Amino acid sequence: MTRFGESNQGGSQAGGRGATQLERRMLSLQRRLVREATMATAMLERSLEALLNLDEVIEHEVRSRDDRVDAEEVAIEVECFSILTLEHPYARDFRMIAFVLKTNADVERVADHACSIAKLASRIEGPIEWPMALRELAQRVPVACHKLLRAVVDQDVDAARELVRADKTIDRLDKRLYEEAVEMMGKEPTERMHRNGLYLYRAGRELERVGDLVANIAEDIVFLATGEIIRHTIKKNKPGREAS
């Protein structure tokens, strides 16, 4: 199977004279998407560093990077529509364009969530004891982003399916964080702690949303590689699921 970012003619000739204009443009588009996703993942990691250290310098650094991701998202979208209009892709190339368009939008949203997390660094009043669920979310979600990048590059269907399943753990941690935040506010019923508790839960919600975006992209990897749409199938096939 051709890896993401490689020409259908093989890695040694990728983008070379043997490739058609469509192949060269598709190759460049795929690589550009991976670079954008790498930037967004780095923003998320730095935003968590800003949050856990209440570092406003890193907060401003993260927020300043968002414009670059926004500009790249627009440029990738414009290139997708240009290829659709001028190159008339079909079959797998058309499916690749659909994948890039959807993933491009989700990657930009990851960067937005990273900015939202970073902003909390200047709003939370320290010192503070970080809830265990938030610490675990701060570890799991960036790891999931890196696994997703590898799954995109390798078009690894098994890894993508595993990322979809792993989203359930992130959802459970989000619910646990809510309980920990309420408990924290109950132990110290002050205005400061109430604000902190709300901000801590908001940080967890931002991370949970990133987890959802990772799962969305993972579902699209399966579609890209196999043509199979797995959205909603896990819920439908879950043993013992009650009818809604």
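None of these values were measured; they are calculated from a predicted model.

Caption draft 1: Highlighting the packing of aromatic side chains. This structure, assessed with the given rule, holds one aromatic pair. Centre to centre, the rings of Tyr178 and Tyr201 are 5.4 Å apart; their planes meet at 70°, and the pair counts as edge-to-face. Of this pair, Tyr178 sits in helix α5 (residues 157-187) while Tyr201 sits in helix α6 (residues 191-226), and the two are 23 residues apart along the sequence. Take Tyr178: its relative accessible area is 46%, and that puts it in the partly exposed class. By relative accessible area, Tyr201 is classed as partly exposed at 25%.

Caption draft 2: Structural view of the packing of helix α4 (residues 132-154) against α6. Contact geometry for α4 and α6: axes closest at 10 Å, N-to-C directions at 20°. Judged by the angle between their axes, α4 and α6 are roughly parallel. Note that α4 runs across α6; the crossing there is left-handed. Contacts between α4 and α6 involve Leu134, Leu137, Ala138, Val141, Ala144, Cys145, Leu148, Ala151 and Val152 from the former and Leu200, Ala203, Gly204, Leu207, Val210, Gly211, Val214, Ile217, Ala218 and Ile221 from the latter.

Caption draft 3: Layout of the nonpolar core. In this structure, Phe4, Leu44, Leu51, Phe99, Val100, Leu148 and Leu207 are the most contacted members of the largest nonpolar core, which totals 68 residues. At the level of elements, α1 (21-53), α2 (56-86), α3 (91-119), α4, α5 and α6 are the ones that each hand at least two residues to this core. Looking at this core element by element, the count peaks at 13 residues for α6. When neighbours within four sequence positions are excluded, Leu51 is seen to be in contact with Ile117, Leu120, Ala121, Ile124, Trp130 and Ala203.

Caption draft 4: Highlighting the side chain of Asn196. Examined against the element boundaries, Asn196 turns out to sit in helix α6. Every residue in contact with Asn196, bar those within four places of it in the chain, is listed here: Arg123, Ile124, Glu125 and Ile128.

Parameters and conventions
Residues numbered from 1 in each chain as written. Predicted model: local features only at pLDDT ≥ 70, side-chain atom pairs only at ≥ 80, totals over all residues. Heavy atoms only, no water. Phe/Tyr/Trp six-rings, centres within 6.5 Å; stacked < 30°, edge-to-face > 60°. Helix = DSSP H or I, 4+ residues; strand = E, 2+ residues; numbered from the N terminus. Buried < 20%, exposed > 50% of the residue type's maximum accessible area, 1.4 Å probe, protein only. Axes fitted to C-alpha atoms, helices over the stretch in contact; angles between N-to-C directions. Parallel < 35°, antiparallel > 145°, perpendicular 65-115°, else oblique. Left-handed = near helix turned anticlockwise from the far one by under 90°. Contact = heavy atoms within 4.5 Å. Core = buried A, V, L, I, M, F, W, Y, C linked by side-chain atoms within 4.5 Å.

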